[in-house]
Every structure is written in structure tokens, then in C-alpha cells.
Amino acid sequence: MATELAKAYVGIIPSAEGITGNLAKVLEPEAESAGEKSGASLGGRLVSTLKGVMATAALGKALTDTLTEGGALEQSLGGVETLFKDNADTVKAYAQNAWQTAGLSANDYMETVTGFSASLLQGLGGDTATAAEVANMALTDMSDNANKMGTNMQDIQNAYQGFAKQNYTMLDNLKLGYGGTKTEMQRLLADAQKITGVKYDLDSLADVYTAIHVIQGGVDELNGGLGDVNKGLGITGTTAMEAYTTLAGSLAAMQASFKNVLGALTLGQDLQPSLDALAQSVVTFLTGNLLPDIWNILSALPGALGPRLCWTDLALHFPADSPKSLKTALLLSAIWCRALPQTPGR
């Protein structure tokens, strides 16, 4: 609806501007200048009305997004409770914090977990406590791999869900140096065994996920923390680090935490934890990444462009009828430029 209104706005306004003269002649034929007056009035009212409609449409879209996120979250919670039973709360807690550890909203986290947990539980003999830990490890590994290797997250999720069906054709999606065959997955398990000393079984999904975790640079928590992070590929922990230290990572964390607020709002959950997480993610994104990056760009410009950026004389001698906003912008640029440390060659 919002898209259709926007298209109508773009199509109507130029047309309205083009016919105001004719409209005015019909509405006020007795005055020569009335066309201008009447057309402007009618056009202004039309623009004002359409802006109001578009604002309403935007509000409607926000409400729709909120309800959609809440409905999806409700369904995901039901799936987690069905699969993990007494340990469902563990999965929910990991999901609530996934904006930070995996760059995912709670709903996205739980949707992915439920996609492979039936096979995971089957291999673990129904041990829901262990399954919750392995699932969290796998989700974090997926996100770490996507952030470090630049692979599309959906491709990685497809690969992990394929492993749950003993389909290894997408193993190469992980970019760990292994091809998409069963033989290559067996080679990965063997390489992980060399690091931890633990024999990994291809028929156990938990073993497969744990072996991948070891190769990416983690330790085998299921077997007492065996392994050596220095022998892995250094991928583990990338997402959590980037959520604080990079523009893209902090943006993903902020978007995920905002989705959590929408979901909690719809389901009537306690909003405070989600709002606290959102506030933290916004501060990290703005003060820790966006603003410093903008400052770095602005600081580098004078040295790169030379004195041409300092437009003091240009601003002061601009024609009197020049737009005030342009002169103000030029003056501010000049003040900012002069305040920066002088660089060689300026």
C-alpha cells in the first residue's frame, strides 16, 4: 500500500504543477493573476493531503512489521518448546542474546535452530540439554563464518541443514578448504581429530557440527574443552567482536535488537531487556563506529584535496542573492577546515 501511494505521489505532483494555470482559469476566470493563486492553493492542499496519507501508510507499515515479527516469534517459540522441552528456556536465552553473538534477532535464531534440531536430538538420543548447547555453537559458527569469509548467511544455513540430512554437497559453501562431498567431510572430521584427539562420527550431527567448530578455531566443549584455537582458522568469535568494532557488524546487531523489540511488543513480553539491548546497540553503532568513521573521512579530506577545500574567500564573495543555506555551508566548511591541524603542502 505504501509503495503504491508513493508511486501515485510521484506521478500526481508533476502533473498538478503542470495544470495549475488551467485550473485557475476555470476557478477564477475574472482575475488575470488568479490562476497562479488558485493553482498554488490547490496544489498545496493536494500535496498536504498526500503527505498525510503517506504518513498514515508509513504508520500502517510499521504496525504490520510489528505484528509480523511478533507472529513469527510466537511460532518460533512454540517450535523451540516442542523440540527442547525442559531445556527450551536455555535456547530462548541464547536467542535473546543472539543480536550480539550471532547478529540475529531472537526469531531468526530460533527459526534456524528448529530447522536442524530434530536430527540433532535424534543423534544425541533426545538429550535436549546437550542439543541446546550444540545448536547455539552451530548458530554462532554460521554467523562467524559469514562475517569472516564473506559468505551469504543463507548459503551457510542451507549447508548446515543439508548436513542434518547427510547431504554434504554444500560443504564448500563454508570456504574452509573442503569440497562438497562425503569424502571431504570425512577429511574434515579427521583433521579436527588431529587437533583435539577426539574421534568424530559422521553419523552424529553433533560430532559434525563440533568438528566444524574446531576447524574454524574453537575448542571441543562437549569433550572438556579439548583443542587448540591456534590450530584452527581463527574464525570463531568474529561476530561478537565485529558487533562492537565494525560498522557492518554493529549495524547488524542494532537491526537484530530492534526486531526483538517489535516481537516483544506484539507478544506483550517485558520490553525492558529488549529496549536495553537496543539502546546499547545504538550507542555502539553511533559512537563506536559510525561517527568515528565519518570523522576519519572528514579529517582525511583536507590533506587529500589541499587548500581548495578551504573556501573562506569564496563564501565571503558569493553574490548577495545566493541562497543563504549555501553561503552558510561554505562558511562552516571553511571554519572546520581552518580548525584542523595543518598538513604538509597546504
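About the criteria used
Residues numbered from 1 in each chain as written. Predicted model: local features only at pLDDT ≥ 70, side-chain atom pairs only at ≥ 80, totals over all residues. Heavy atoms only, no water. Phe/Tyr/Trp six-rings, centres within 6.5 Å; stacked < 30°, edge-to-face > 60°. Helix = DSSP H or I, 4+ residues; strand = E, 2+ residues; numbered from the N terminus. Buried < 20%, exposed > 50% of the residue type's maximum accessible area, 1.4 Å probe, protein only. Contact = heavy atoms within 4.5 Å. Axes fitted to C-alpha atoms, helices over the stretch in contact; angles between N-to-C directions. Parallel < 35°, antiparallel > 145°, perpendicular 65-115°, else oblique. Left-handed = near helix turned anticlockwise from the far one by under 90°. Nonpolar A, V, L, I, M, F, W, Y, C, P; charged D, E, K, R; others polar. Salt bridge = Lys/Arg side-chain N within 4 Å of Asp/Glu carboxyl O. Core = buried A, V, L, I, M, F, W, Y, C linked by side-chain atoms within 4.5 Å. Expected span 1.5 Å × (residues − 1). Polar contact = N/O pair within 3.5 Å; in protein donor to acceptor, adjacent residues only side chain to side chain.

## Considering the packing of aromatic side chains
The relation between two aromatic rings is expressed through the spacing of the ring centres and the mutual angle of the planes.
Thought 1: If you walk through the whole model with that rule in mind, you get four aromatic pairs.
Thought 2: Taken together, a centroid distance of 5.7 Å and an interplanar angle of 50 degrees make the contact between Y160 and F163 tilted. Taken together, the residues Y160 and F163, both in helix α7 (residues 153–163) and three residues apart, mark about one turn of the helix. By the burial criterion, Y160 is buried, and F163 matches it.
Thought 3: Where Y160 meets Y209, the ring centres are 5.0 Å apart and the plane angle is 40 degrees; that geometry is what we call tilted. Taken as a pair, Y160 in helix α7 and Y209 in helix α9 (residues 205–216) lie far apart in primary sequence, 49 residues in all. The burial state of Y160 is the same as that of Y209; both residues are buried.
Thought 4: The structure contains a cluster of three or more aromatic residues connected by ring pairs, namely F116, Y160, F163, Y168 and Y209.

## A closer look at the environment of A98
Thought 1: As for its position among the elements, A98 is in helix α4 (residues 98–101).
Thought 2: Residue classification places A98 among the buried positions, given a relative accessible area of 0%.
Thought 3: C-alpha of A98 to C-alpha of N136: the two residues are 38 residues apart in sequence and 9.1 Å apart in space.
Thought 4: If sequence neighbours within four positions are ignored, A98 has contacts with G103, L104 and Y109.

## What to know about the packing of helix α5 (residues 106–123) against helix α6 (residues 128–149)
Thought 1: Remark: α5 packs on α6, axes separated minimally by 10 Å, with the N-to-C direction vectors making an angle of 130 degrees. Between α5 and α6, the angle falls in the class oblique. Judged by the sense of rotation from one axis to the other, the crossing of α5 with α6 is right-handed. Mapping the contact onto sequence places Y109, T112, V113, F116, L120 and L121 in α5 and T128, A131, V134, A135, N136, A138, L139 and M142 in α6.
Thought 2: Across the contact of α5 with α6, the residue classes break down as eleven nonpolar, three polar and no charged.

## Brief notes about the pattern of salt bridges
Thought 1: Overall, the coordinates contain six salt bridges when judged by the stated rule.
Thought 2: When the shortest N-O distance is used, the salt bridge between D89 and K92 registers 3.8 Å. Placement of the pair is D89 and K92 together in helix α3 (residues 88–96), with a separation of three residues, close to one helical turn.
Thought 3: Residue K92 is classed as partly exposed on the basis of its relative accessible area, which comes to 23%.
Thought 4: Taking the shortest distance from any N to any O, the salt bridge between D108 and K259 comes out at 3.5 Å. Linking D108 in helix α5 with K259 in helix α11 (residues 247–267), this pair joins segments that are 151 residues apart in sequence.
Thought 5: With relative accessibility at 34%, the residue K259 sits in the partly exposed group.
Thought 6: Bridged by salt links that share partners, the residues E184, R187, D191 and K194 form one connected network.

## Notes on the nonpolar core
Thought 1: F163, L188 and Y209 are the most contacted members of the largest nonpolar core, which totals 54 residues.
Thought 2: Of all the secondary structure elements, the ones that give two or more residues to this core are α2 (34–84), α3, α5, α6, α7, α8 (182–196) and α9.
Thought 3: Counting residues per element, this core draws most heavily on α6, which supplies nine residues.
Thought 4: Every residue in contact with F163, bar those within four places of it in the chain, is listed here: Y168, L171, L174, M185, L205, V208, Y209 and I212.
Thought 5: If you look at the next biggest cluster of nonpolar residues, it comprises five residues, including W99, A243, A253 and A256.

## Regarding α6
For the α-helix, the turn length of 3.6 residues means that residues three or four positions removed from each other point alike.
Thought 1: Counted at 1.5 Å a residue, the expected span for α6 with its 22 residues is 32 Å, and the 31 Å between its end C-alpha atoms agrees.
Thought 2: Counting buried residues in α6 gives 16 out of 22 residues, a clear majority hidden from the surface.
Thought 3: Capping the start of α6 is the job of one residue whose side-chain oxygen sits 3.3 Å from the backbone nitrogen of A129: D127.
Thought 4: In the segment just after α6, G150 is the residue with positive phi, at about 75 degrees.

In short, the description is geometric, and any link to function would need to be established separately.
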